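Residues per chain are reported as follows:
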Amino acid sequence: MLSRLTELIWSDWIWFPEGHGWADLEDRDGKVFPKPRDLWATIPIALCFLVIRQIFERTVASPLASLLGVSDKKRVFAPPNPVLEAHFCSTSKHPTQSSLESLSKQTGCSVRQVQRWFRRRRNQDRPNKFKKFQEASWRFTFYLLAFFAGLAVLIDKPWFHDMKLMWEDFPKMPLLPSQYWYYMIELGFYTSLLFSVASDVKRKDFKEQIIHHVATIVLITFSWVVNYIRGGTLIMLVHDASDYLMESAKMFNYAGWRKTCNIIFTVFAAVFFVTRLIILPFWIIYTTWVYPLTLYPPFFGFYFFNGLMFVLQALHVFWAGLILRMVIKFLPGNDIVEDERSDKEETESEDEDDEHEQREKSKNGHVQNGHTVLNNNHRKTD
């Protein structure tokens, strides 16, 4: 039963146009073709990236952050309070008004004090600029090297200049050594991002990022298995073309270099819109969705590949909206570009207003439920 199901899943007619099949990808006459087993190499490559990243962040990113003047403002820690901590961890980090009033009665503190405690507690969990800078510098380095490596791999290929040639003699197109390493390194990197997603800075588009990473990994894997490699390399190059610009803009943003950040971000926005909203849909997706129908009747693999392409394109439209919002924000030239995907640290502007009240309660030895009042003897930390 299982063997029959496996045989059905990997049937030639599902993944290849009529008249072609897996037999076309068998090595012959000195020509090498991609094999599914080759993809196992991406696991050790991904693990190597994780190790290299740790070394890079400590030996390169950290000194660079100091050199550019990246610094974090001091944060006020929320004082220990088991009642509020339990609500924060198990119920909600953003309590409703009714919850605030209930917690106020339980702790003997004012609603405003409870609000302040939750604000400080949320700020404690937010990553600092230093960590954000380290992550951005790592991705910047990879995307920059990957883009120019991909350009070197593709610049002399005929299908780079005439994308219709990506289907020439499909699927009997031999694998080049440069294509092999380009694929393995790119797939290994995206796999490492998926491995590290739990510890990386979580942004507002966290779910979209996960979908993007998974769709990219599946797309690269599938294009390798069925020898859509020419199209796959073009897709990877288009993505890398703007990513390193975005990461460099973030780096200067965290360093507080306003003009440099805005200039780089403007260039990034232009490249993003050209590559992701013009070249990808109207050139590459056209060549993978419309043009093949003039050569072959549609088949499942054709729909599967292009379905993943449409998922990526939908994400690009979503991010284009965020980018447009950021561009509009700094058009007057009055502010620095803010990453719309990042949570902004909540201000402590109201804290000073209640200092007198807290000092008075402290003098009177005010203690509630065995716990000191929220702002008594608070400490600051970097």
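What counts and what doesn't
- Residues numbered from 1 in each chain as written.
- Predicted model: local features only at pLDDT ≥ 70, side-chain atom pairs only at ≥ 80, totals over all residues.
- Heavy atoms only, no water.
- Axes fitted to C-alpha atoms, helices over the stretch in contact; angles between N-to-C directions.
- Helix = DSSP H or I, 4+ residues; strand = E, 2+ residues; numbered from the N terminus.
- Parallel < 35°, antiparallel > 145°, perpendicular 65-115°, else oblique.
- Left-handed = near helix turned anticlockwise from the far one by under 90°.
- Nonpolar A, V, L, I, M, F, W, Y, C, P; charged D, E, K, R; others polar.
- Buried < 20%, exposed > 50% of the residue type's maximum accessible area, 1.4 Å probe, protein only.
- Polar contact = N/O pair within 3.5 Å; in protein donor to acceptor, adjacent residues only side chain to side chain.
- Contact = heavy atoms within 4.5 Å.
- Phe/Tyr/Trp six-rings, centres within 6.5 Å; stacked < 30°, edge-to-face > 60°.
- Salt bridge = Lys/Arg side-chain N within 4 Å of Asp/Glu carboxyl O.
- Core = buried A, V, L, I, M, F, W, Y, C linked by side-chain atoms within 4.5 Å.
- Expected span 1.5 Å × (residues − 1).
- Bend = angle between axes of the 7 residues up to and from the residue.

Undergrad: Would you mind going over the packing of helix α7 (residues 129-154) against helix α11 (residues 229-255) with me for this structure?
TA: In a pair of packed helices, the angle between the axes and the distance between the axes together describe the arrangement. For the pair α7 and α11, interaxial distance at closest approach is 7 Å and the crossing angle is 150°. Classified by the angle between their axes, α7 and α11 sit roughly antiparallel to one another. Here the hand of the crossing between α7 and α11 comes out left-handed. Split into classes, the residues belonging to the contact of α7 with α11 amount to 15 nonpolar, 4 polar and 7 charged.

Undergrad: Help me understand the side chain of K35, please; the structure alone is not making it clear to me.
TA: Along the polypeptide, K35 turns up in the loop between α2 (12-15) and α3 (42-68). A relative accessible area of 13% means that K35 is categorised as buried. Among the polar contacts made by the side chain of K35, one reaches the side chain of D27 at a distance of 2.6 Å. Apart from residues lying up to four places away in sequence, K35 is in contact with L25, D27 and W224.

Undergrad: Is there a simple way to explain the packing of aromatic side chains in this structure?
TA: The description of an aromatic ring pair uses the distance of the two centres, along with the angle that the planes make with each other. Tallied over the entire structure, the rule returns 39 aromatic pairs. Plain terms: the ring middles of W167 and Y228 are 5.4 Å apart, the flat faces sit at 70° to each other, and that makes the pair edge-to-face. Here W167 is found in the loop between α8 (158-161) and α9 (177-195), whereas its partner Y228 is found in the loop between α10 (206-225) and α11, with 61 residues between them in sequence. Each member of the pair W167 and Y228 is classed as buried. A network of ring pairs unites the aromatic residues W10, W15, F16, W22, W167, F170, F222, Y228, Y296, F300, F304 and F305 as a single cluster.

Undergrad: How should I be thinking about the pattern of salt bridges in this particular structure?
TA: Any two side chains of opposite charge can pair if their charged atoms end up close together. By the definition in use, this model includes 9 salt bridges. One salt-bridge network, held together by shared partners, links R53, E57, K131, E135, R139, E247 and K250.

Undergrad: Is there a simple way to think about the nonpolar core in this case?
TA: Among soluble globular proteins, nonpolar side chains are generally buried collectively. Y228, F265, I284, M309 and I323 are the most contacted members of the largest nonpolar core, which totals 77 residues. Looking at this core, the elements with two or more residues in it are α2, α3, α7, α9, α10, α11, α12 (258-289) and α13 (300-330). Other than its neighbours up to four places away in sequence, I323 contacts F265, F268, A269, F272 and F273. Ranked by size, the runner-up nonpolar core spans 9 residues in total, among them A78, F88, L103 and V114.

Undergrad: It is not clear to me how the environment of M184 should be interpreted in this structure. Could you clarify?
TA: Relative to the helices and strands, M184 is located in helix α9. By relative accessible area, M184 is classed as buried at 0%. Expressed as a C-alpha distance, the spacing of M184 and W40, which sit 144 residues apart in the sequence, is 9.3 Å. Discounting residues that sit within four places of it in the chain, M184 has contacts with D38, L39, A41, T42, I45 and W224.

Undergrad: Where do I start with α3 in this structure?
TA: Each turn of an α-helix holds 3.6 residues, which means side chains three or four residues apart point in the same direction. Between its first and last C-alpha atoms α3 spans 34 Å; for 27 residues at 1.5 Å apiece the expected length is 39 Å, and the helix comes up short by more than 12%. Maximum bend of α3: about 40°, positioned at E57. Those residues of α3 lying buried are T42, I45, A46, F49, R53, F56, E57, A61, S62, A65 and L68. For α3, the secondary structure elements touched by its buried residues are α7, α9 and α11. One or two residues past the end of α3 sits G69, with phi positive at roughly 80°.

Undergrad: Looking at this structure, I do not really get the packing of α11 against α12. What am I missing?
TA: Close contact between α11 and α12 brings their axes to 8 Å; oriented N to C, the two are set at 165°. For the element pair α11 / α12, the angle class is roughly antiparallel. In this structure, α11 meets α12 at a crossing whose hand is left-handed. Each residue belonging to the contact of α11 with α12 can be placed in one class, and the counts come to 18 nonpolar, 6 polar and 2 charged.

Nothing here speaks to function; it is all geometry.
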